Amino acid sequence: MTSYAHNLTRRITVLALCLITLAACDSEQRRLIDLALDPPKRETIDTSRVGVNNFFVDSQFGGIATQYSDIKNNLGIKHIRVLLAWTNDVQSSPKSAPNFSFYDNILNNIPAGVDVLPVLVHTPDWMSNSSNWVAGNPRLTWVEKWLRPVLNRYKNVPGIVGWEVWNEPDDITLASDSVLGLTDPANYFELLSLSSGVIRATDPSSLIVVAATRAINQEHPLRVNYNQALLELGAVNLVDVWNIHYYGEQYENVIKDNGVKNLLNAIPRPTWITESGQQMPDQQLAYVETAWPFLRREISSIDRIYYYEYASPSPLASNFGLRTNDPGQPVSDLYVYLRDHK
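Since we're looking at a predicted model, the values are computed, not measured.

(A) How the structure looks around the packing of aromatic side chains. A full pass over the atoms with the stated rule returns 15 aromatic pairs. When the ring of W142 is compared with that of W166, the centres are 5.5 Å apart and the planes differ by 65 degrees; the resulting orientation is edge-to-face. Taken as a pair, W142 in helix α5 (residues 138–154) and W166 in the loop between β4 (162–165) and α6 (185–202) lie far apart in primary sequence, 24 residues in all. You can call W166 buried: its relative accessible area is 3%. A ring pair is formed by Y247 and F320, whose centres lie 5.7 Å apart and whose planes are at 75 degrees; its orientation type is edge-to-face. Here the residue Y247 occupies a position in the loop between β6 (242–245) and α8 (252–255), and F320 occupies one in the loop between β8 (302–307) and α11 (333–340), the gap between them amounting to 73 residues.

Here you go:
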């Protein structure tokens with residue numbers, strides 16, 4: 001039994017008691033009962049507001065130009081999220097110059113009619129040595145040694161819609177990233193504040209996008225609480241777009257009084273979902289046709305939803321890709337749908 005099905009079964013058992021004395025149920029309990037009895041159903045998605053994550057690292061799916069062409073011309077997708085990771089390969093030492101060649105190939109070849117959202121993230125290993133920090137501050141160092149050089153290099157590139165400052169700060173993906181302390185919302189707020197000032201001064205026409213936490217609907221209320229902490233610190237005043245990730249179901253965590261819906265509907269900014277997807281190439285269409293219309297209906301601020309991801313060589317059971325390298329299922333059902341409904 002899936003965790004969602006288990007949770008709903010448990011809720012139905014508990015909340016069914018309310019049906020005996022319905023007057024005793026509060027408004028949240030009534031909504032949860034309604035959700036349990038009438039869960040979200042498949043609906044048509046708005047393909048005009050679909051984006052896709054693509055990091056262009058798997059050449060087996062074609063070169064950069066080929067992948068751009070497939071996304072734009074075959075799938076009709078005009079919004080692409082890319083990764084600009086500050087790693088040892090990009091800058092091996094604090095005194096070496098960053099190697100931008102791979103990112104140059106991505107950002108200098110954006111097709112007309114496509115906009116790209118770069119997400120700036122990660123730190124090289126040498127950042128663990130505090131003697132390499134600017135003014136003794138690792139977050140200021142990240143801004144000055146990575147974000148600022150990136151902006152200076154690409155600020156005039158057509159097709160860049162904005163800059164996303166980090167990815168899932170509540171989680172540590174690379175051990176070297178722990179030096180920034182971003183699992184504490186106060187430290188991410190400092191990074192965002194420093195970054196926002198540089199972006200506004202250097203590339204004022206571009207949007208500033210806050211980093212999404214891990215899937216906001218999961219491990220409730222941890223992710224909602226992280227977002228709430230950022231709001232209380234004033235993060236909404238630093239950005240143009242609020243940002244979430246949404247995987248799985250857990251629809252009940254959207255409609256709770258302290259859930260995702262009430263949080264996002266109170267933020268005076270458009271919401272982008274920069275990651276959302278489903279494993280298994282034959283289950284993607286059903287997922288997005290169920291989750292995405294539900295989210296749009298409940299959360300009026302949602303604008304774009306970026307599918308995760310364009311292509312992946314992972315085994316099918318764990319593959320989120322619209323394209324795979326499996327000869328039996330080289331493209332997913334969602335790929336076919338987007339291709340035929342562009």
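The structure having been displayed, the exposition proceeds.
(B) Local environment of the environment of Q29. Mapping Q29 onto the fold places it in helix α2 (residues 27–37). Sequence-wise, Q29 and K342 are 313 residues apart; in three dimensions their C-alpha atoms are separated by 40 Å.

(C) Structural view of the side chain of N227. Topologically, N227 is positioned in helix α7 (residues 222–233). The contact partners of N227, leaving out residues within four places of it in the chain, are T213, I216, W242, N243 and L263.

(D) Main features of the packing of helix α10 (residues 284–298) against α11. One can describe the packing of α10 onto α11 by two numbers: an axis separation of 6 Å at closest approach and a directional angle of 70 degrees. Taken together, the axes of α10 and α11 lie roughly perpendicular to each other. The residues of α11 that touch α10, namely those facing Q284, L285, V288 and E289, are D333, L334 and Y337. When grouped by side-chain class, the residues that make up the contact of α10 with α11 number 4 nonpolar, 1 polar and 2 charged.

(E) View of unusual backbone geometry. For the bond running from H220 to P221, omega is 5 degrees, close enough to zero to count as cis. Structurally, P221 is set in the loop between β5 (207–210) and α7. Cis peptide bonds are those with omega within 30 degrees of zero, and the linkage from Y308 to E309 qualifies with 10 degrees. Here E309 shows up in the loop between β8 and α11. One non-glycine residue, A135, lies in positive phi territory at about 55 degrees. Along the chain, the position of A135 falls in the loop between β3 (115–121) and α5.

(F) Structural context of the nonpolar core. Grouped together as the largest cluster of nonpolar side chains are 96 residues, with contacts concentrated most on L84, W142, W146, Y154, Y188 and W242. When sequence neighbours within four positions are dropped, the list of residues in contact with Y154 reads L84, F100, Y103, D104, L107, I160 and W163. Among the nonpolar cores identified, the runner-up in size contains 6 residues, and L117, V161, V241 and Y306 belong to it.

What counts, and at which threshold
Once a new chain begins, its residue numbering starts again from 1 and follows that chain's sequence as written. Totals for whole chains, interfaces and linings use all residues, but because this is a predicted model, local features are given only for residues with pLDDT of at least 70 and pairs of side-chain atoms are given and counted only at 80 or more. With hydrogens and water set aside, each side-chain value is computed from the structure's full complement of heavy atoms. Each aromatic pair joins two rings of Phe, Tyr and Trp (for Trp, the six-membered one) with centres within 6.5 Å, and gets the label stacked for planes under 30 degrees apart, edge-to-face for over 60, and tilted for any other angle. Strands here mean DSSP runs of E at least two residues long; helices mean DSSP runs of H or I at least four residues long; both are numbered from the N terminus. Only protein chains enter the area calculation, which uses a 1.4 Å probe; residues under 20% of their type maximum are buried, those over 50% are exposed, and those in between are partly exposed. Note on contacts: a residue pair qualifies if any of its non-hydrogen atoms lie within 4.5 Å across the two residues. Note on definitions: angles span 0 to 180 degrees between N-to-C directions of axes, and those axes are lines fitted to C-alpha atoms, for helices only across the stretch in contact. In these notes the angle categories are as follows: under 35 degrees is roughly parallel, over 145 is roughly antiparallel, 65 to 115 is roughly perpendicular, and the rest is oblique. Residue polarity follows a fixed list, in which Ala, Val, Leu, Ile, Met, Phe, Trp, Tyr, Cys and Pro are nonpolar, Asp, Glu, Lys and Arg are charged, and the others, Gly among them, are polar. For our purposes a nonpolar core is just a set of buried Ala, Val, Leu, Ile, Met, Phe, Trp, Tyr and Cys residues, chained together by side-chain atoms within 4.5 Å.

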